[in-house]
Amino acid sequence: MSKKDMILRTPLLVRFCHVFIVILFIITALSGLSLFFPSIKAFGLVLGTPQLVRELHPFLGGIVFILLMFMLVRLAHHNIPNWDDIRWMKHIKSIISGKEPEDIPIGKYNAGQKVLFWCIMSLITVLMITGLIMWRRYFAEYFSIEIIRIAIFFHSLAAIGLILLIIGHAYMAFWVKGSIKGMINGHVSRAWARKNHSKWYHDEMKKIYIAEQEAENKSNQKENNSHKKLA
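Note that residues are indexed from 1 along each chain, following the sequence as it is written. Totals for whole chains, interfaces and linings use every residue, but because this is a predicted model, local features are given only for residues with pLDDT of at least 70 and side-chain atom pairs only at 80 or more, for both listing and counting. Calculation of side-chain values draws on the structure's entire complement of heavy atoms; hydrogens and water are dropped beforehand.

**Description of the overall build of the chain**
For helices the rule is a DSSP run of H or I covering at least 4 residues; for strands it is a run of E covering at least 2, with both sets numbered from the N terminus onward. Assigned secondary structure in the chain consists of nine helices and two strands. Reading the chain from its N end, one meets helices and strands in the order β-α-α-α-α-α-α-α-β-α-α. The C-alpha radius of gyration computed for the chain amounts to 23 Å, which surpasses the reference 17 Å derived for 231 residues by more than 25%, pointing to a less compact arrangement than a globule. Over its C-alpha atoms, taken along the principal directions, the chain stretches across nearly 85 × 50 × 30 Å. What makes two residues a contact is simply this: any of their non-hydrogen atoms within 4.5 Å. Long-range contacts, defined as pairs at least 24 residues apart, comprise 67% of the intrachain contacts of the chain with a sequence gap of at least 6. Per-residue accessibility takes into account occlusion by the displayed protein chains alone, with areas from the Shrake-Rupley method and a 1.4 Å probe. Taken as a whole, the chain presents about 15600 Å² of accessible surface, with 68% of it coming from carbon and sulfur. Here the globule rule reads 2.2 Å times residues to the power 0.38, and the radius of gyration is calculated from C-alpha atoms.

See below:
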C-alpha cells in the first residue's frame, strides 16, 4: 500500500513511550503480584531476589506513572467525551457483536477507548498516591498504621483493576484488525480510518488537503517568479 493511502495515527514519540510503558508495566505488575501473593514469588524473578524486588518495584511504578502522565498530556484532548459518545454507548451490544453503526461520527478514539483511557489514568494515580504512603523506606513513617492499611487495600484493588484493564486493552487491540499494525509503524490505511474513526478521518483528510493546496500554491508562486525573472 502506497504512502498516499496511509494516515499518520500515532507519532513516533508516543509509540516509543507506549512500548516502554508495556515493558515496564509487565515487570512492575509481576513483581507486585509476587509481593502480594508469596505463593507466586516466582513472578518476582524478573527483578531478582525478593529484597531487590521490594527495592525496585516502587521505582518502576513511579516511572510507569510518569510515562502515563506524558501520555495524558499528549492524548487527553482526543479523549474528551461528547454527545456522539453517548450515541455510541447506546449501540454497545451491536458494536460488541461486530455491527458498529456507520452513522455515528467517531473521533480519533471511540467512547470505549475514552473510558479505558480515563480509567487507566485514574487507577495509576491511585496506585501512585497509595504507593507513596506504603513506601516504608521514605514515606510510611509519616503515616499511621491505619492509613497505611487503607493504602495497601486500595493499592491492591487499583493494581488488580489496572491489570484487568490492560488485558482488556490488549484484547481489543487484537480484536480490531489493523490496530496493532497502526501502533507499530504509526500509520493506518485511509480505508481503516474511514471505517473505524470517520470523524477523525475527515479531519485528517481536511488537513492533508489544506497542506497539499498550500504546497501547490507555493510551487506555482515559485514558478511564476521564475518566469518573471526570465522575462
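**Description of the confidence of the model for the chain**
Predicted coordinates in areas of low pLDDT are best not read in detail. Of the residues in the chain, 93% have a pLDDT of 70 or more, and the chain-wide mean is 87. Per-residue confidence from the prediction method is given by pLDDT, with values spanning 0 to 100. Summarising per-element confidence for the chain, the mean pLDDT is lowest in helix H4 (residues 92-96) (76) and highest in helix H5 (residues 111-134) (95).

**Thoughts on a nonpolar patch on the surface**
Patch building starts from residues that exceed 30% relative accessible area and form no salt bridge, then joins like charges within 9 Å and nonpolar side chains (Val, Leu, Ile, Met, Phe, Trp, Tyr) within 5 Å. Each salt bridge in this description consists of a side-chain nitrogen of Lys or Arg and a carboxyl oxygen of Asp or Glu lying within 4 Å of one another. Among the surface-exposed residues, Phe59, Val126, Leu132, Tyr138, Phe139, Tyr142, Phe143, Ile147, Ile150, Phe153, Phe154 and Leu157 lie close enough to one another that they form a single nonpolar patch of about 1100 Å² accessible area. Listing elements by their share of the nonpolar patch, those giving two or more residues are H5 and helix H6 (145-175). Examining the composition of the nonpolar patch, we find that five residues originate from one element, H6, more than from any other. The topology assignment puts Phe154 in helix H6.

**Concerning the packing of helix H2 (residues 50-75) against H5**
Helix axes use the C-alpha atoms of the stretch in contact, all axes being lines fitted to C-alpha atoms, and the angles between their N-to-C directions lie in the range 0 to 180 degrees. Viewed as axis vectors pointing N to C, H2 and H5 meet at an angle of 145 degrees, and their least axial separation amounts to 10 Å. Between H2 and H5 the crossing geometry is left-handed. Residues Gly62, Val64, Phe65, Leu68, Met69, Met71, Leu72 and Leu75 of H2 pack against Phe117, Trp118, Ile120, Met121, Ile124, Thr125 and Met128 of H5. Here the nonpolar group is Ala, Val, Leu, Ile, Met, Phe, Trp, Tyr, Cys and Pro; Asp, Glu, Lys and Arg are the charged ones; every other residue, Gly included, is treated as polar. Residue composition of the contact of H2 with H5, grouped by class: 13 nonpolar, two polar and no charged. Two helices cross in a left-handed way if the nearer one is turned anticlockwise from the farther one by less than a right angle. They cross in a right-handed way if the turn is clockwise.

**Describing the side chain of Thr130**
Residue position: Thr130 is located in helix H5. For the purposes of these results, a polar contact is taken to be a pair of N or O atoms within 3.5 Å, where, inside protein, one atom must be able to donate a hydrogen and its partner to accept one; residues adjacent in sequence count only when each atom of the pair is a side-chain atom. One polar contact links Thr130 to His155, side chain to side chain, over a distance of 2.8 Å. Beyond its immediate sequence surroundings of up to four residues, Thr130 is in contact with Ala151, Phe154 and His155.

**Brief notes about the nonpolar core**
If you look at the biggest cluster of nonpolar residues, it comprises 24 residues, and the most contacted ones within it are Ile21, Leu68, Met71, Ile124 and Leu162. Look past the residues within four positions of Ile124 in its chain and what remains in contact with it is Val64, Phe65, Leu68, Met69 and Leu162. In this structure, Ile7, Trp192, Ala193 and Tyr201 belong to the second largest nonpolar core, which totals six residues. Working definition of a nonpolar core: buried Ala, Val, Leu, Ile, Met, Phe, Trp, Tyr and Cys residues. They are joined through side-chain atoms within 4.5 Å. Accessibility here uses a 1.4 Å probe with only protein chains present; expressed as a share of the type maximum, an area under 20% marks a residue as buried, one over 50% as exposed, and anything in between as partly exposed.

**Examining H2**
For a helix, the expected span equals 1.5 Å multiplied by the residue count minus one. The terminal C-alpha atoms of H2, which comprises 26 residues, lie 36 Å apart, in line with the 38 Å expected from a rise of 1.5 Å per residue. A residue's bend is the angle separating two fitted axes: one through the seven residues that end there, the other through the seven that start there. The principal kink in H2, of about 35 degrees, is found at Leu56, preceding the proline Pro58 by one to four residues. Looking only at H2, the buried set comprises Val53, His57, Leu60, Gly62, Val64, Phe65, Leu67, Leu68, Met71 and Leu75. Structurally, H2 contributes buried residues whose contacts are with helix H1 (12-36) and H5.

**Re the pattern of salt bridges**
Counting across every chain of the model gives five salt bridges. For Lys199, the salt bridge identified is with Asp203, shortest N-O distance 3.4 Å. Of this pair, Lys199 and Asp203 both sit in helix H9 (residues 198-230), four residues apart, which is roughly one turn of that helix. Lys199 sits in the partly exposed class, given a relative accessible area of 40%.

**Looking at the packing of helix H3 (residues 83-90) against H5**
Between two packed helices, what matters for the description is the angle formed by their axes and the separation of those axes. Following both chains from N to C, one finds H3 and H5 inclined at 105 degrees, their axes separated by 9 Å at the closest point. Judged by the angle between their axes, H3 and H5 are roughly perpendicular. In this structure, H3 contributes Asp85, Trp88 and Met89 to the contact, and H5 contributes Ala111, Gly112, Lys114 and Val115. Of the residues in the contact of H3 with H5, the class split is four nonpolar, one polar and two charged. The labels follow the angle: roughly parallel below 35 degrees, roughly antiparallel above 145, roughly perpendicular from 65 to 115, and oblique for the rest.

**Description of the environment of Ile167**
Locating Ile167 in the fold gives a position in helix H6. For Ile167, a relative accessible area of 52% corresponds to the exposed category.

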